[in-house]
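# Observations on the model geometry
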Amino acid sequence: MIKKYSKWSVILSVICAATIFMSYEIAPTNPEGAMKILIQVFFITAIIIGLLSLIFSFLGFKNKERGFLKLVAPIIVVLVLLAFLFSFVLMVLSFL
């Protein structure tokens, strides 16, 4: 039985991107109390789900699944990392 790892990889990578951006969207300027915990839960969950999506993508490559879905998860994770890198660079440039 051939499992469709690439399908789960895409689903998890979309959830990863949504939760990581949601953690930044709901964050106030000075988070306190339960809001800090909620932001941390979203962020850590996004990291775990992102790693799982990359694992499923790797399993899709290993099982030689057909189609482009196995490529979507690494692309989404790289785009999320590039967004954070871009925001970090803009933050550094704003201090100059």
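Scroll up to find the structure.
What comes next concerns the included structure. (Residues numbered from 1 in each chain as written. Predicted model: local features only at pLDDT ≥ 70, side-chain atom pairs only at ≥ 80, totals over all residues. Heavy atoms only, no water.)

## Describing the overall build of the protein chain
Note the cut-off: We count a stretch as a helix when DSSP gives it H or I for four or more residues in a row; a strand needs E for two or more, and each element gets its number in order from the N terminus. Atoms counted for the radius of gyration: C-alpha only. Globule rule: 2.2 Å times the number of residues to the power 0.38. A simple rule labels every residue: compare its accessible area, found with a 1.4 Å probe on the protein chains alone, to the largest value its type can have, and call it buried under 20%, exposed over 50%, or partly exposed in between. In these tables, accessible area is a Shrake-Rupley quantity obtained with a 1.4 Å probe, and a residue counts as shielded only by the protein chains included in the view.
Helix and strand counts for the protein chain stand at three helices and zero strands. Each helix and strand of the protein chain, ordered N terminal to C terminal, gives the series α-α-α. Relative to a compact globule of 96 residues, whose C-alpha radius of gyration would be 12 Å, the protein chain shows 16 Å and is clearly more extended. Across its three principal axes, the protein chain shows a C-alpha extent of roughly 50 × 35 × 15 Å. Within the span of the protein chain, comprising 96 residues, buried residues form 25% of the whole. If you sum the accessible surface of the protein chain, you get close to 7,100 Å²; carbon and sulfur atoms cover 77% of it.

## A closer look at helix 3 (residues 69-95)
To be explicit about the condition: For a helix, the expected span equals 1.5 Å multiplied by the residue count minus one. When checking whether two residues touch, look at their non-hydrogen atoms; a contact exists if any pair is within 4.5 Å.
For helix 3, with 27 residues, the first-to-last C-alpha span of 40 Å sits near the 39 Å given by 1.5 Å per residue. Among all positions of helix 3, only Lys70, Ala73, Ile76, Val77 and Val80 are buried. Among the structural elements, helix 1 (5-25) and helix 2 (34-62) are those in contact with the buried residues of helix 3.

## Quick notes on the environment of Ala18
With respect to the element layout, Ala18 can be found in helix 1. Overall, Ala18 belongs to the partly exposed group, its relative accessible area being 42%. Between the C-alpha atom of Ala18 and that of Lys7, which follows or precedes it by eleven residues, the distance is 17 Å.

## A look at the packing of helix 1 against helix 2
Defined as follows: Only C-alpha atoms enter the line fits that serve as axes; for helices the fit covers just the stretch in contact. Angles between N-to-C directions range over 0 to 180 degrees. Orientation categories follow fixed angle ranges, with anything under 35 degrees roughly parallel, anything over 145 roughly antiparallel, 65 to 115 roughly perpendicular, and all other angles oblique. Note on convention: near helix rotated counterclockwise from far helix by under a right angle means a left-handed crossing. Clockwise means right-handed.
At a minimum axis separation of 8 Å, helix 1 and helix 2 run at an interaxial angle of 160 degrees. Accordingly, the angle class assigned to the pair helix 1 and helix 2 is roughly antiparallel. The two elements helix 1 and helix 2 cross, and the hand of that crossing is left-handed. Contact residues: helix 1 offers Tyr5, Trp8, Ser9, Leu12, Ser13, Ile15, Cys16, Thr19, Ile20, Met22, Ser23 and Tyr24, while helix 2 offers Ile39, Phe42, Phe43, Ala46, Ile49, Gly50, Leu52, Ser53, Phe56, Ser57, Leu59 and Gly60.

## Digging into helix 2
Residues that lie three or four places apart on an α-helix share one face, since the helix turns once every 3.6 residues. With 29 residues, helix 2 should cover 42 Å at 1.5 Å per step; its first-to-last C-alpha distance of 42 Å lies within 8% of that length. Residues of helix 2 that are buried include every one of Ile39, Ala46, Ile49, Gly50, Ser53, Ser57 and Gly60, and no others. For helix 2, the secondary structure elements touched by its buried residues are helix 1 and helix 3. Two residues or fewer past helix 2, Lys64 is found with a positive phi of approximately 55 degrees.

## Quick word on the side chain of Ser57
Following the sequence through the fold, Ser57 ends up in helix 2. Judged by relative accessible area, which is 1%, Ser57 ranks as buried. In contact with Ser57, not counting residues within four places along its chain, are Ser9, Lys70, Ala73 and Pro74.

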